[in-house]
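Chains, contacts and geometry: an overview
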Amino acid sequence: MPDDSLKGASEHEPREEWRSRWGFLFAAVGSAVGLGNMWRFSYLASEKGGAGFVALYLLFTVVLGLPVLLAELTIGRGARRGPIAALAHYGGDAWRWLGAVFVAAGFLILSYYGVIGGWTLRYAFEAMSIGFASDAGAHFGDVASGFDSLGTQIVFMCLTVAVVSGGIGAGIERVARIAMPALFLIMIGIAVYAARLDGSGAGYAYYLNFDLEKALTIDVAVAAAGQAFFSLSLGMGAILTFASYLPRNSHLGRETVVISFADFGVAFVAGLMIFPLIFALGMQGEISGSTIGALFVALPKAFESMGFAGRIVGGAFFVALVVGALTSAISLLEVIVSASMDAFGWARRKAALLGGAGVTLAGAWSAFRIDLLDLADSLATNLFLVGGGLGITIFVGWVMDDPVAEARVGSGGSMIHGIWRVLLRFVVPIALIFILWNSLPETWGKVRAIFWPG
Ligand code: PHE
């Protein structure tokens, strides 16, 4: 069979497109906003000492995240192909491997993301039917690993496959346009509610008290950089893929700013709802008990102690989590789907079904063992996303012909693009190499602890 993946879909049938600018924005923000903003952000913020971590994370979002975000948008919109074919389009066949690493990263992330997505589904349903368990820690232990976890993972993945099968406009865009505004409303509602609870002040203090000494450690910097990439869905082609369905006249600079600020805003507001709730209800001891499960233990405990109001607030909270998780999972699966549509000529539905089934199978490990889930998360974020981000910066900064001209299409010239180029060529790669290098001991430590304990 001749390799026609380089020709692009337009020669066979017109490439799908977003129905509107808002549709794209909701989908891209939907990809960015997810478990990363709530589950991951809150456990890291508490594990890494609160506000110092938050400040570094904001800094990295601006200095490292924004340039890479614009780079992914530029490649995707310009090439109008999935990640592997897009990189080959601008860099030649030798760059296909980087696209393949992206697809592998999507596979790895979705494998455990679907497991956590399953937990959120279960908690949302339980809040609305039987209420929160009286022993939240034991309950989490029961449902977070084992066949329960596998079952909810499968349900969550079926939902993801169903949406992606529907296509760009009729599936992904339609869901994002309803889901994202609902998520924003729920979050603001809960943050306001939490602010009015007695004792919430301690939560704000914990979350917002800046401790410079704690922030200035390599460990915190590594975590904050990884989180900036994870939260913005960068370094593995998700945003690149979504951008490949954009019309040529879209204004990429403007979209970069909207997506990144929406994402940071949601993470910040998530902190404003989570910490005051936990502190007002005296559950702060639970946070340190199990970092990964903090969200699924401390908060349900707080909701349970609030009686009926807790079921309403808690139900809404977990519904928002489901929504965030689902719209992110969709974008992860879309990377795999669009790449296999390009490479094998599969129909969308077939690609979504096979991709979803493969990911679910691979994720079964994480459904049975939380330590493997934690390891997959470290590997995916610290190695794949930060490494993938490095690959993209080098690609756009040094390999691609005139990225500035491509980025400017639809927005006109501005000085910003010149700064962008310099950041991509020098500042971002150097910072990412430093971070990647320094993250290796921790990741390696986790590998050793699991495979060669003792
Ligand atoms: N950004 C998503 C979140 O915060 C996770 C994600 C990572 C999605 C990478 C796509 C690609 O939950």
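Here the residue numbering is sequential within each chain, running from 1 through the sequence in written order. Under the rules for a predicted model, residues below a pLDDT of 70 receive no local features and side-chain atom pairs below 80 are neither given nor counted, while totals for whole chains, interfaces and linings still include all residues. Side-chain calculation: all heavy atoms of the structure are included, whereas hydrogens and water are not.

1. A closer look at the overall build of the protein chain
For helices the rule is a DSSP run of H or I covering at least 4 residues; for strands it is a run of E covering at least 2, with both sets numbered from the N terminus onward. Counting its secondary structure elements, the protein chain contains 20 helices and zero strands. What you see for the protein chain is a C-alpha radius of gyration of 21 Å, in line with the 22 Å of a compact globule of 454 residues. Expressed as lengths along the three principal axes of its C-alpha atoms, the size of the protein chain is roughly 60 × 50 × 45 Å. Looking at the protein chain as a whole, 57% of its 454 residues are labelled buried. Residue contacts are defined here by distance: any two heavy atoms, one from each residue, within 4.5 Å place the two residues in contact. In the protein chain, 84% of the contacts between residues at least 6 apart in sequence involve partners at least 24 apart. All accessible-area figures derive from a Shrake-Rupley calculation using a 1.4 Å probe, and residue coverage is judged against the displayed protein chains alone. Here the protein chain has roughly 17100 Å² of accessible surface; of this, 68% comes from carbon and sulfur atoms. Charge assignment: positive for Lys and Arg, negative for Asp and Glu; neither His nor the chain ends contribute. Where a charge lies is defined by one atom per residue type: Lys uses NZ, Arg uses CZ, Asp uses CG and Glu uses CD. Across the protein chain, 28 positive and 31 negative side-chain charges occur, with their mean positions spaced 6 Å apart. Throughout, radius of gyration means the C-alpha value; the globule benchmark is 2.2 Å times the number of residues raised to the power 0.38. Between buried and exposed lies partly exposed: a residue is buried under 20% and exposed over 50% of the maximum accessible area for its type, with that area taken using a 1.4 Å probe on protein chains only.

2. Focus: the environment of Ala407
Its location among the elements puts Ala407 in helix α19 (residues 403–408). Residue class for Ala407 comes out buried when judged on its relative accessible area of 0%. Sequence separation of Ala407 and Ile75 is 332 residues, and the distance between their C-alpha atoms is 8.5 Å. Setting aside anything within four residues of it in sequence, one finds Ala407 in contact with Thr74, Arg77, Leu252, His417 and Trp420.

3. Describing empty space enclosed by the protein
Buried and open spaces are told apart on a 1 Å grid over the protein atoms alone, a cavity being a set of points where a 1.4 Å probe fits but cannot get out and a pocket being an open set with protein on both sides within 12 Å along at least five of seven lines. Residues with an atom within 4 Å of a point are the lining residues. Grid points are joined across faces, edges and corners, and a volume is the space filled by probe spheres set on the points. Using the criterion set out here, one finds three cavities of 30 Å³ or more in the structure. Of the pockets and cavities examined, the largest cavity occupies roughly 130 Å³. Looking at the largest cavity, it is lined by 15 residues, and the ones nearest its centre are Ser31, Tyr113, Phe230, Ser233 and Leu332. Sorting the residues of the lining of the largest cavity by element identifies α1 (21–32), α5 (96–128), α11 (218–231) and α16 (308–344) as the ones contributing at least two each. In terms of residue count, α16 provides more of the lining of the largest cavity than any other element does, three residues in total. Amino acids are sorted into nonpolar (Ala, Val, Leu, Ile, Met, Phe, Trp, Tyr, Cys and Pro), charged (Asp, Glu, Lys and Arg) and polar (every other residue, Gly among them). When grouped by side-chain class, the residues that make up the lining of the largest cavity number eight nonpolar, seven polar and no charged.

4. A short note on the site of the ligand
Distances are taken per atom, and a residue is near a molecule or strand as soon as one of its heavy atoms is within 4 Å of it. Lining the immediate surroundings of the ligand are 15 residues, of which Ala32, Gly36, Tyr113, Phe230 and Ser233 lie closest. Whenever two N or O atoms come within 3.5 Å, that pair is a polar contact, provided that in protein one can donate a hydrogen and the other can accept it, and provided that, for residues adjacent in sequence, both atoms are side-chain atoms. Within the contact set of the ligand, a nitrogen atom lies 3.0 Å away from a side-chain nitrogen or oxygen of Ser233. Its free accessible area being 330 Å², the ligand has 100% of it covered by the protein chains. Any molecule with more than half of its atoms within 2 Å of a cavity's or pocket's grid points is regarded as sitting in that cavity or pocket. Structurally, the ligand is housed in the largest cavity.

5. Structural notes on the layout of surface pockets
Approximately 350 Å³ is the volume attributed to the second largest pocket. When the residues that make up the lining of the second largest pocket are grouped by side-chain class, the tally is ten nonpolar, seven polar and one charged.

6. Topic: helix α20 (residues 415–451)
What a helix is expected to span follows from its residue count: subtract one and scale by 1.5 Å. Taking 1.5 Å of rise per residue, the 37 residues of α20 would be expected to cover 54 Å, and the 51 Å separating its terminal C-alpha atoms lies within 8% of that figure. Residue Leu423 marks the point of greatest curvature in α20, where the axis turns by about 50 degrees. Taken residue by residue, α20 has His417, Trp420, Leu424, Val428, Pro429, Leu432, Ile435, Leu436, Ser439, Thr443, Val447 and Ile450 as its buried positions. For α20, the secondary structure elements touched by its buried residues are α3 (51–79), α11, α18 (370–399) and α19. What the bend at a residue measures is the angle between two axes, fitted to the seven residues ending there and to the seven starting there.

7. Examining a nonpolar patch on the surface
Residues Ile394, Trp398, Val399, Val422, Phe426, Val427 and Ile430 make up a contiguous nonpolar surface patch of about 610 Å² in total accessible area. Broken down by secondary-structure element, the contributors of at least two residues to the nonpolar patch are α18 and α20. The element contributing the most residues to the nonpolar patch is α20, with four residues. Position of Val399 among the secondary structure elements: in helix α18. In this scheme, patches are assembled from residues that exceed 30% relative accessible area and form no salt bridge. Like charges are connected within 9 Å, while nonpolar side chains (Val, Leu, Ile, Met, Phe, Trp, Tyr) are connected within 5 Å. By salt bridge we mean one thing: a side-chain nitrogen of Lys or Arg within 4 Å of a carboxyl oxygen of Asp or Glu.

8. Re the environment of Ala86
On the secondary structure map, Ala86 appears in helix α4 (residues 83–91). Its relative accessible area of 0% is what places Ala86 among the buried residues. Taking the C-alpha atoms as reference points, Ala86 and Gly76, separated by ten residues in sequence, lie 6.6 Å from one another. Ignoring anything within four residues of it in the chain, the contact list for Ala86 reads Ile75, Ala79, Arg81 and Leu240.

9. Examining the packing of α3 against α18
Interhelical geometry of α3 versus α18 gives an angle of 65 degrees and a closest axis separation of 10 Å. One finds that α3 runs roughly perpendicular with respect to α18. Remark: the crossing between α3 and α18 carries left-handed chirality. Taking contact as the criterion, the partners of Val68, Ala71, Glu72 and Ile75 in α3 are, on α18, Ile392, Thr393, Phe395 and Val396. Broken down by class, the residue content of the contact of α3 with α18 amounts to six nonpolar, one polar and one charged. Angular values range over 0 to 180 degrees, each being the angle between N-to-C directions of two axes fitted as lines to C-alpha atoms, with helices fitted over their stretch in contact. Any angle that falls under 35 degrees is termed roughly parallel, while one over 145 is termed roughly antiparallel, one within 65 to 115 roughly perpendicular, and all others oblique. For a crossing to be left-handed, the near helix must be turned anticlockwise from the far one by less than a right angle; the clockwise case is right-handed.

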